[in-house]
Amino acid sequence: STPLYSSAASDVYKRQTMNIKLLLIALIIFLVSLTRILPHPPNFTPILALAIFGGAFLTNKRTALCIPVIAMFLSDLIIGFHSQIYAVYLCIIVLSLLGNMIEKRNILNLGIVGISGSLLFFIVTNFSVWLTDGLYPLNLTGLMQCYIMAIPFFHNTLISTFIFLAILFTGYSLIEKRFLKILN
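The structure contained in this document is the topic of the report that follows.

Reading guide: rules and limits
Residues numbered from 1 in each chain as written. Predicted model: local features only at pLDDT ≥ 70, side-chain atom pairs only at ≥ 80, totals over all residues. Heavy atoms only, no water. Salt bridge = Lys/Arg side-chain N within 4 Å of Asp/Glu carboxyl O. Helix = DSSP H or I, 4+ residues; strand = E, 2+ residues; numbered from the N terminus. Buried < 20%, exposed > 50% of the residue type's maximum accessible area, 1.4 Å probe, protein only. Phe/Tyr/Trp six-rings, centres within 6.5 Å; stacked < 30°, edge-to-face > 60°. Polar contact = N/O pair within 3.5 Å; in protein donor to acceptor, adjacent residues only side chain to side chain. Contact = heavy atoms within 4.5 Å. Core = buried A, V, L, I, M, F, W, Y, C linked by side-chain atoms within 4.5 Å. Patch = residues over 30% accessible without salt bridge, like charges linked within 9 Å, V, L, I, M, F, W, Y side chains within 5 Å. Areas by Shrake-Rupley, 256 points an atom, 1.4 Å probe, with all protein chains shown as cover. Axes fitted to C-alpha atoms, helices over the stretch in contact; angles between N-to-C directions. Left-handed = near helix turned anticlockwise from the far one by under 90°. Nonpolar A, V, L, I, M, F, W, Y, C, P; charged D, E, K, R; others polar.

**Thoughts on the pattern of salt bridges**
Then comes step 1: One pass over the full model with this rule turns up one salt bridge.
Then comes step 2: One salt bridge in this structure joins Asp76 and Arg36, with 2.9 Å as the shortest N-O distance. Of this pair, Asp76 sits in helix α3 (residues 61–79) while Arg36 is found in the loop between α1 (2–33) and α2 (47–57), placing the two residues 40 residues apart along the sequence.
Then comes step 3: Of the residues examined, Arg36 reaches a relative accessible area of 9% and is grouped as buried.

Spelled out as structure tokens, the structure:
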């Protein structure tokens, strides 16, 4: 009888801990996404890092996809929507999936996903700019011109992704350790 009770209590504890972790991760994502409202250099935002972070720590794939997209949408409600929103949201979804595929959360894997995610964002969003904004001729020369003109923005994307990945993953690990000490 005692082992059964102990197992049931353990299951309740695990569920409560998981619910608190989910709330903590969601809160971090929503709060950090609000930094988009603050003045910042072009493309220097936490959005790519948030998508990777959400994917890495939220075990339910639907939740991992939804929370970063919802956070982005809520901040877009405040700062306004733009013509490349579909390309950006697509990248957020793909990066959440990439984050979900990280098996070992270490510097090497985060670096690989950070670089890959930044490159993906650069390629997809600038292809969308070329295709839809009418700024460049719709030929190979126009596409190359679009990518060349976007290189300075890529610098900010890459740097901000690494900075925010470091802040999010380190910060969450420290909070999680402190939280587990409190519960035990």
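More follows now that the structure is in view.
**What about the packing of aromatic side chains?**
Then comes step 1: Per the stated rule, a full pass over the model turns up ten aromatic pairs.
Then comes step 2: Each ring, one from Phe53 and one from Phe169, has its centre 5.5 Å from the other, and the planes form 85°; the classification is edge-to-face. Placement of the pair is Phe53 in helix α2 and Phe169 in helix α6 (residues 140–183), with a sequence separation of 116 residues.
Then comes step 3: Residue Phe53 is classed as buried on the basis of its relative accessible area, which comes to 0%.
Then comes step 4: Plain terms: the ring middles of Phe53 and Tyr172 are 5.8 Å apart, the flat faces sit at 75° to each other, and that makes the pair edge-to-face. Of this pair, Phe53 sits in helix α2 while Tyr172 is found in helix α6, placing the two residues 119 residues apart along the sequence.

**Things to note about the side chain of Thr161**
Then comes step 1: Within the element layout of this structure, Thr161 appears in helix α6.
Then comes step 2: In this structure Thr161 comes out as buried when scored by relative accessible area, which is 1%.
Then comes step 3: A polar side-chain atom of Thr161 sits 3.4 Å from a polar atom in the side chain of Ser118.
Then comes step 4: Excluding anything up to four places from it in sequence, Thr161 contacts Leu48, Ala49, Gly114 and Ser118.

**Observations regarding the nonpolar core**
Then comes step 1: The biggest cluster of nonpolar side chains holds 35 residues, and the ones touching the most others in it are Ile29, Phe53, Leu168 and Phe169.
Then comes step 2: Elements represented by at least two residues in this core include exactly α1, α2, α3, α4 (85–100), α5 (107–132) and α6.
Then comes step 3: Those residues in contact with Phe53 that sit more than four places away from it in its chain are Ile25, Ile28, Ile29, Leu168, Phe169 and Tyr172.
Then comes step 4: Phe122, Val129, Tyr147 and Phe154 belong to the second largest nonpolar core, which has nine residues in total.

**With respect to a nonpolar patch on the surface**
Then comes step 1: Residues Leu27, Leu31, Leu34, Ile37, Ile70, Phe73, Leu74, Leu77, Ile78, Ile79 and Phe81 make up a contiguous nonpolar surface patch of roughly 980 Å² in combined accessible area.
Then comes step 2: It is α3 that contributes the most residues to the nonpolar patch, six residues altogether.
Then comes step 3: As for its placement among the helices and strands, Ile79 is situated in helix α3.
Then comes step 4: Residue classification places Ile79 among the partly exposed residues on the basis of a relative accessible area of 42%.

**Looking at α2**
Then comes step 1: For α2, a buried count of eleven out of eleven residues is recorded, marking the element as mostly surrounded by other parts of the structure.
Then comes step 2: All buried positions along α2 are accounted for by Ile47, Leu48, Ala49, Leu50, Ala51, Ile52, Phe53, Gly54, Gly55, Ala56 and Phe57.

**Focus on the packing of α3 against α4**
Then comes step 1: Two elements in contact, α3 and α4, have axes whose closest approach is 9 Å; the angle formed by their N-to-C orientations is 145°. α4 is crossed by α3, and the crossing has right-handed handedness. Across from Lys61, Ala64, Leu65, Pro68, Val69, Met72, Phe73 and Asp76 in α3, the residues of α4 making contact are Ile85, Val88, Tyr89, Ile92, Ile93, Ser96, Leu97 and Asn100.
Then comes step 2: Along the lines of polarity and charge, the residues of the contact of α3 with α4 split into twelve nonpolar, two polar and two charged.

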